[in-house]
Amino acid sequence: KVLVHDSVTGRVYTTGSYVSLASPYVLGDGPGDIQTRAGNNVASGSFSTVGGGQDNEAFGHNNFIAGGSGSIAKGTGNVILGGFANSISGSSTFSVVAGSNNVIDTLSGGSSIVSGISNTLTGVLASGIVMTGESNSSLSKGSVIFGKNNTISGEAYYYHVGGIGNTIAGTETL
């Protein structure tokens, strides 16, 4: 069965029947929001969804948290697939696929953290990808593929593929 939201009546139903008390899903706070009945999850804004897990919060518009616990998605079009205590805020599309304590907080779009622990993508210019690792940060248009305690900052496009405690900084020149 497929979960469907009827925008005319405001009802949520699975194909073939309307949602009953036996359904694991309920309407969230805003139009089109869907959240789990159990797990202390919150979907608020419009068309945000929390599909499972516990203590997850999807605020804003078109945000999605599939599962995990203690994660927060704010802004527009953000996705957290799982993990623990991951956070996304911003006005463009971002994603955290898994991991724990990962943070994306930027206005630039298209950033992702694929997995890892305590990785950050922050700052106005940050539009990077952290594939995996621990305590890596990107403050610019850079990517950290894996590693630990690596930092990328500046105004240019930078890439770092591994290692421990490396820093790349600079500005874009023509």
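These notes cover the structure that comes with them.

Rules behind the numbers
Residues numbered from 1 in each chain as written. Predicted model: local features only at pLDDT ≥ 70, side-chain atom pairs only at ≥ 80, totals over all residues. Heavy atoms only, no water. Helix = DSSP H or I, 4+ residues; strand = E, 2+ residues; numbered from the N terminus. Areas by Shrake-Rupley, 256 points an atom, 1.4 Å probe, with all protein chains shown as cover. Core = buried A, V, L, I, M, F, W, Y, C linked by side-chain atoms within 4.5 Å. Buried < 20%, exposed > 50% of the residue type's maximum accessible area, 1.4 Å probe, protein only. Contact = heavy atoms within 4.5 Å. Patch = residues over 30% accessible without salt bridge, like charges linked within 9 Å, V, L, I, M, F, W, Y side chains within 5 Å. Salt bridge = Lys/Arg side-chain N within 4 Å of Asp/Glu carboxyl O. Polar contact = N/O pair within 3.5 Å; in protein donor to acceptor, adjacent residues only side chain to side chain.

### Overview of the overall build of the protein chain
Phase 1 of the analysis: Helix and strand content of the protein chain: zero helices and 22 strands.
Phase 2 of the analysis: Put simply, the protein chain shows about 8300 Å² of open surface, and 59% of that area lies on carbon and sulfur atoms.

### Quick look at the nonpolar core
Within soluble globular proteins, side chains that are nonpolar generally end up buried alongside one another.
Phase 1 of the analysis: Membership of the largest hydrophobic core comes to 16 residues, with the highest contact counts inside it found for I65, I80, I88, V96, I104 and I113.
Phase 2 of the analysis: Those residues within four positions of V96 in sequence are excluded, and the remaining contacts are V79, I80, L81, N86, I88, N102, I104 and I113.

### What about a nonpolar patch on the surface?
Phase 1 of the analysis: Residues I129, M131, I145, F146 and V161 make up a contiguous nonpolar surface patch of about 390 Å² in total accessible area.
Phase 2 of the analysis: Within the secondary structure layout, I145 lies in the loop between β19 (141-144) and β20 (151-154).

### A look at the side chain of S112
Phase 1 of the analysis: Counting through the fold element by element, S112 comes out in strand β15 (residues 111-113).
Phase 2 of the analysis: At a separation of 2.8 Å, a polar atom in the side chain of S112 contacts the side chain of S95.
Phase 3 of the analysis: Discounting chain neighbours no more than four positions away, the residues touching S112 are S95, I104, L121, G128, I129 and V130.

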